[in-house]
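# Structure assessment
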Amino acid sequence: MGQNPAIAVEFQTVGLQIGAQTLVADLTFQIGVGECLVLLGRSGSGKTTTMKLINRLLTPTQGTVWVNGKSTLEWDPIQLRRQIGYVIQETGLFPHFTIAQNVGLVPQLQGWKPLQIKARVHELLDLVGLDPAQFGDRYPHQLSGGQRQRVGVARALAADPPILLMDEPFGALDPITRLELQQEFRRLQQDLGKTVVFVTHDMQEALVLASRIGLLQNGKLIFLGAPAALAQCLEPEAQRFIQTLTPATSLRL
Amino acid sequence: MQAFFLIRYGPEILQRMGEHLLLVGGAIAIAVVVGIPLGVFITRQTTWRQPVLAIANVLQTIPSLAMFGLLIPLVGIGPVPAIIALTLYSFLPIIRNTYTGITSVDAAVREAGQGMGMTDWQLLVQVELPLALSVILAGVRVASVIAVGIATIAAAIGAGGLGVFIFRGIAVVNNDLILAGAVPAAAIALLVDSGIGWLESRFAVKR
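Before going into details, it helps to say that this report is about the structure given with it. (Residues numbered from 1 in each chain as written. Chains lettered and ligands numbered in written order. Predicted model: local features only at pLDDT ≥ 70, side-chain atom pairs only at ≥ 80, totals over all residues. Heavy atoms only, no water.)

## So, the overall build of chain A
On a plain count of helices and strands, chain A comes out with twelve helices and ten strands. The C-alpha atoms of chain A give 18 Å as radius of gyration, which agrees with the globular expectation for 253 residues (18 Å, within 12%). Reported as C-alpha extents along the three principal axes, the dimensions of chain A are approximately 55 × 45 × 35 Å. When burial is assessed residue by residue, chain A has 54% of its 253 residues classed as buried. Long-range contacts, defined as pairs at least 24 residues apart, comprise 67% of the intrachain contacts of chain A with a sequence gap of at least 6. Total accessible area on chain A stands at roughly 10900 Å², and carbon and sulfur atoms take up 51% of it. (Helix = DSSP H or I, 4+ residues; strand = E, 2+ residues; numbered from the N terminus. Rg over C-alpha atoms; globule rule 2.2 N^0.38 Å. Buried < 20%, exposed > 50% of the residue type's maximum accessible area, 1.4 Å probe, protein only. Contact = heavy atoms within 4.5 Å. Areas by Shrake-Rupley, 256 points an atom, 1.4 Å probe, with all protein chains shown as cover.)

Right, dumping it as structure tokens:
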């Protein structure tokens, strides 16, 4: 199981129950290397839970999650997480670290030399469109929301992890900045060839980014497939998400 | 007319202040070295949280004169029981603020740290303690100010300090003597308060 090198992450009949509450149930799917899987669903549908099962912030009570051919339970959680970039809403930037220190965090944890870290931070800030000379020494509270999200993405990419997990990273931004970041991120993801799992409740965002969409409802995966196929999906929940689209964007389906 | 009391008793005031500071400084140092790790411990082992805080709470409620008296059969008289008593009083604010400071670190920040593969120790040292530092210092400040006050009673068990003036002044009904102890003690308390307060604001992290 999970030996195929083209498969980055595989869920096999995965469930998570805490007490009497079932958070997710019977999840079985694969995520190919280099694809951008968007997990779509309402609040509480289990998207974030599904994501946290990948980097073992949560462990399944049923089934197995395989990452790079190895069960998450066999991975040393620290080693596993250092191979997986992680971006969350509100970014979770460390308020007492400068931008450069935030971006250099994972390389620092992995014991890179200071000069190497500096060069890498420079490279990454450039990549996400922030001038390293201007922003490197600032603190997160001195940046705008959009700039902080760019830093969050740069930080997640720092140690060049093959997999990125992104939990509504652009949710708190104004619509224009959000669209800019979505488009930039899509280009970045294709250029870098990262495997991305992206959580959102925004149908529009899912369409911009996804190579496949996974639709979750009440902890179950009710649809998995290409964005265009979602329009044909007869599940009422899928139709409800389609209806959130403006006429202009739904034309693209 | 006699000279102003602070001048009249000048040399002895300085000596008693020295003793006083030693009692308070020693007690706070021990309370910090034991209390902060204990506060961290109960953020990790939450089953210990209730008992540890309950004991620290109870210690705080023992009347100070009784606390000093109770220690005499155990460790005799002098500075040692005084420092022990002051240490016990200092635990509650320090342990509680350490616990509160760490648990009030933004959950998103903690989760980001975990998600990026920080070990628990790295998370504690690089993230939680720096972000909790100003809250922890606030606890040290409260403990120190309380200890400066309570240390005056330590004179009753032969530990010296500014309380010596106060007890002597009460015994001979001399207000100048009482003030010779009380005014410097109040001054120390104010200085400690503003000094640690300044440190606190230096380490406060903007969000």
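Now that the structure is up, let's keep going.
## Remarks on the pairing of strand β9 (residues 212-217) of chain A
All names here are of chain A. Both strand β3 (residues 36-41) and β9 contribute to a ladder of five bridges, which runs parallel. Across the sheet, the residue bridging to V38 is I213, located in β9. Of the strand pairs in this sheet, β9 and strand β10 (residues 220-225) are connected by five bridges, and their pairing is antiparallel. In the sheet register, Q217 faces β10, and the bridge partner there is K220. With antiparallel pairing between neighbouring strands as the criterion, β9 and β10 make up a hairpin whose turn holds two residues, including N218 at a positive phi of roughly 50°. (Pairing = 2+ DSSP bridges.)

## Looking at the packing of helix α3 (residues 49-61) of chain B against helix α5 (residues 79-103) of chain B
All names here are of chain B. Two elements in contact, α3 and α5, have axes separated by 7 Å at closest approach and are oriented at 145°. The hand of the α3/α5 crossing is left-handed. Where α3 approaches α5, its residues R49, V52, L53, A56, N57, L59 and Q60 are matched on the opposing element by L88, Y89, L92, P93, I95, R96 and Y99. Classifying every residue of the contact of α3 with α5 gives ten nonpolar, two polar and two charged. (Axes fitted to C-alpha atoms, helices over the stretch in contact; angles between N-to-C directions. Left-handed = near helix turned anticlockwise from the far one by under 90°. Nonpolar A, V, L, I, M, F, W, Y, C, P; charged D, E, K, R; others polar.)

## Observations concerning the sheet that holds strand β4 (residues 62-67) of chain A
All names here are of chain A. The four strands are arranged β2-β1-β4-β5 in an open sheet whose pairing can be described as antiparallel. With one partner strand each, in any of the chains shown, β2 (21-32) and β5 (70-71) form the two edges of the open sheet. Sheet topology note: the strand β1 (residues 7-18)/β4 ladder contains five bridges and is antiparallel. Bridge pairing links F11 to V65 in β4. The strands that helix α1 (residues 47-54) touches are β1, β2 and β4; relative to β2, the one it contacts most, it runs at about 60°.

## Here we look at the interface of chain A and chain B
Of the residues lining the interface, 22 residues belong to chain A; the matching set on chain B comes to 19 residues. Between chain A and chain B lies a buried interface of about 1800 Å² when both sides are counted; carbon and sulfur atoms form 68% of it. Broken down residue by residue, the surface that chain A buries against chain B is led by A:P95, A:H96 and A:H141, which jointly contribute 28%. The tally of links from chain A across to chain B stands at one salt bridge. Mapped by element, the contributors of at least two residues to the side of chain A that touches chain B are α2 (77-82), β6 (84-88) and α4 (105-109) of chain A. With four residues, α4(A) is the single largest residue contributor to the side of chain A that touches chain B. (Buried area = accessible area lost by both parts, 1.4 Å probe. Salt bridge = Lys/Arg side-chain N within 4 Å of Asp/Glu carboxyl O.)

## What to know about the side chain of B:T43
Residues and elements named next belong to chain B. On the secondary structure map, T43 appears in helix α2 (residues 10-44). In terms of polar contacts, T43 uses its side chain to reach the backbone carbonyl oxygen of V40, at 2.5 Å. Of note is the side chain of T43, whose polar atom sits 3.0 Å from the side chain of R44. Leaving out residues up to four positions away in the same chain, T43 has contacts with Y99, I102 and T103. (Polar contact = N/O pair within 3.5 Å; in protein donor to acceptor, adjacent residues only side chain to side chain.)

## Here's the deal with the sheet that holds strand β8 (residues 195-200) of chain A
All names here are of chain A. Across the sheet, which stays open at both edges, the six strands sit in the order β6-β7-β8-β3-β9-β10 with mixed pairing between neighbours. Since the sheet does not close on itself, it has two edges, and those belong to β6 and β10, each with one partner. Within the sheet, the average angular offset between the axes of one strand and its neighbour, ignoring direction, is 15°. Inspection of the sheet shows β3 paired to β8 by five bridges, in the parallel sense. Paired with L37 across the bridge in β8 is V197. Against the sheet, helix α8 (residues 175-192) engages β3, β7 (163-167) and β8, with an angle of about 155° to β8. In this fold helix α11 (residues 236-243) packs onto β3, β9 and β10, with an angle of close to 115° to the strand it touches most, β9.

## Considerations on the environment of A:G219
Residues and elements named next belong to chain A. As for its placement among the helices and strands, G219 is situated in the loop between β9 and β10. Along the sequence, G219 and V24 sit 195 residues apart, while their C-alpha atoms lie 3.8 Å from each other. Those residues within four positions of G219 in sequence are excluded, and the remaining contacts are L23, V24, A25, L27 and S45.

## Some thoughts on α8(A)
All names here are of chain A. The terminal C-alpha atoms of α8 lie 25 Å apart, and with 18 residues this matches the ideal 26 Å at 1.5 Å per residue to within 8%. Listed as buried for α8 are T177, L181, Q182, F185, L188 and Q189. Taken end-on, α8 shows its buried residues confined to a sector of 135°, consistent with a single buried face. For α8, the exposed residues lying more than 90 degrees away from the buried face are P175, I176 and D191. Summarising the contacts, the buried residues of α8 are in contact with β3, α5 (114-127), α7 (145-157), β7, β8 and α9 (203-209). Of the residues flanking the end of α8, it is G193, one or two places downstream, whose phi is positive at about 65°. (Expected span 1.5 Å × (residues − 1). Arc of directions from axis to C-beta.)

Fair warning: the whole summary comes from geometry, so function is off the table for now.
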